[in-house]
Amino acid sequence: MIKPNFEIMASYNALMNKKIYDSISTTSDNVLWENKKAFFGSILGTLNHLMVGDLIWLNRFNQHPSYPTGFKALEPLKDFPLPTKLTQILYDDKHGFSRNRQALDQIIIRFIEESEESDYLMNLSYRNTNNDTFNKSFSMLLQHFFNHQTHHRGQVTTLLAQIGIDIGETDLLMLIPSVDGEWL
């Protein structure tokens, strides 16, 4: 079964994002926009890239062949901007970002809840931001989706540590149930 893995990843994603926006709630936007020479410049630049990637992929996932009219859980995507480039700034302040990040994380959780095991066995055709066409395993694309989030959140936690903010435990291990059903 593949779905339990994605359910844990969706919960982990939401929890880690909440830890990040809780940790930056009292930090000025100016500090969060300071160029730290990261790949996307600043903390908010990196967080915006994360959301851009999520929105691009979720809109692609909404073209899944099993859902000709799209996933019901992804209908609220119409209320979000549709990014056209990976460096696009969607929200220039932490409050706008945090509010929309929380809403997007709930969409992701509902999307995974709605999906079926059989969906993961299919391929998804999509176009990238350069308009190149690809046809790849839907389950592997979902794996990439969650890995991309983890990768860039790791960069953000490093940038936060550089300004004295520790968001605490970030290991996925804390969400994996033990064999007796207890959470670690």
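Right above here is the structure, for reference.
Residues numbered from 1 in each chain as written. Predicted model: local features only at pLDDT ≥ 70, side-chain atom pairs only at ≥ 80, totals over all residues. Heavy atoms only, no water.

Participant: Got a minute to help me understand unusual backbone geometry in this structure?
Facilitator: A negative phi holds for most residues other than glycine; trans holds for most peptide bonds. The backbone phi angle of Lys37 is positive, close to 60 degrees, even though this residue is not glycine. Considering the arrangement of structural elements, one finds Lys37 in the loop between helix H2 (29–33) and helix H3 (43–61). The phi torsion at Asn131 lies on the positive side, around 70 degrees, for a residue other than glycine. Within the secondary structure, Asn131 sits in the loop between strand S1 (123–127) and strand S2 (133–137). (Helix = DSSP H or I, 4+ residues; strand = E, 2+ residues; numbered from the N terminus.)

Participant: Quick question: what am I supposed to make of the side chain of Asp105 here?
Facilitator: Tracing the backbone shows Asp105 in helix H4 (residues 94–114). For Asp105, the side chain forms a polar contact with the side chain of Arg101, separated by 2.7 Å. With near-sequence residues (within four places) excluded, Asp105 lies in contact with Asn13, Ala14 and Asn17. (Polar contact = N/O pair within 3.5 Å; in protein donor to acceptor, adjacent residues only side chain to side chain. Contact = heavy atoms within 4.5 Å.)

Participant: Even after reading the chapter, I still don't get the packing of aromatic side chains, so can you show me in this structure?
Facilitator: What characterises a pair of aromatic rings is the spacing of the ring centres plus the angle enclosed by the ring planes. Applying the stated criterion to the full structure yields 13 aromatic pairs. Consider the rings of Phe6 and Phe146, whose centres lie 6.1 Å apart with planes at 25 degrees: the pair is stacked. Here Phe146 lies in helix H6 (residues 138–162) and Phe6 lies in helix H1 (residues 3–23), a separation of 140 residues in the sequence. For Phe6, a relative accessible area of 1% translates into the label buried. By relative accessible area, Phe146 is classed as buried at 1%. With 5.7 Å between their ring centres and 35 degrees between their planes, Trp57 and Phe61 make a pair best called tilted. Note that Trp57 and Phe61 are positioned in helix H3 at a spacing of 4 residues, about one turn of the helix. Trp57 gets classed as buried once you look at its relative accessible area, which sits at 10%. Look at Phe61 and you get buried, because its relative accessible area is 0%. Here the aromatic residues Phe6, Trp57, Phe61, Tyr67, Phe71, Phe111, Tyr120, Tyr126, Phe134, Phe138, Phe145 and Phe146 are joined through ring pairs into a cluster of three or more. (Phe/Tyr/Trp six-rings, centres within 6.5 Å; stacked < 30°, edge-to-face > 60°. Buried < 20%, exposed > 50% of the residue type's maximum accessible area, 1.4 Å probe, protein only.)

Participant: Would you mind showing me how to read the packing of H1 against H6 here?
Facilitator: Relative placement of two packed helices is described by the angle separating their axes and the distance separating the axes. The geometry of H1 relative to H6 is characterised by a closest axis approach of 11 Å and an angle of 20 degrees between their N-to-C directions. Between H1 and H6, the angle falls in the class roughly parallel. The hand of the H1/H6 crossing is left-handed. Contact with H1, carried on its side by Asn5, Phe6, Met9, Ala10, Tyr12, Asn13, Met16, Asn17, Ile20 and Ser23, involves Ser139, Leu142, Gln143, Phe146, Gln149, Thr150, Arg153, Val156 and Leu160 of H6 and no other residues of that element. (Axes fitted to C-alpha atoms, helices over the stretch in contact; angles between N-to-C directions. Parallel < 35°, antiparallel > 145°, perpendicular 65-115°, else oblique. Left-handed = near helix turned anticlockwise from the far one by under 90°.)

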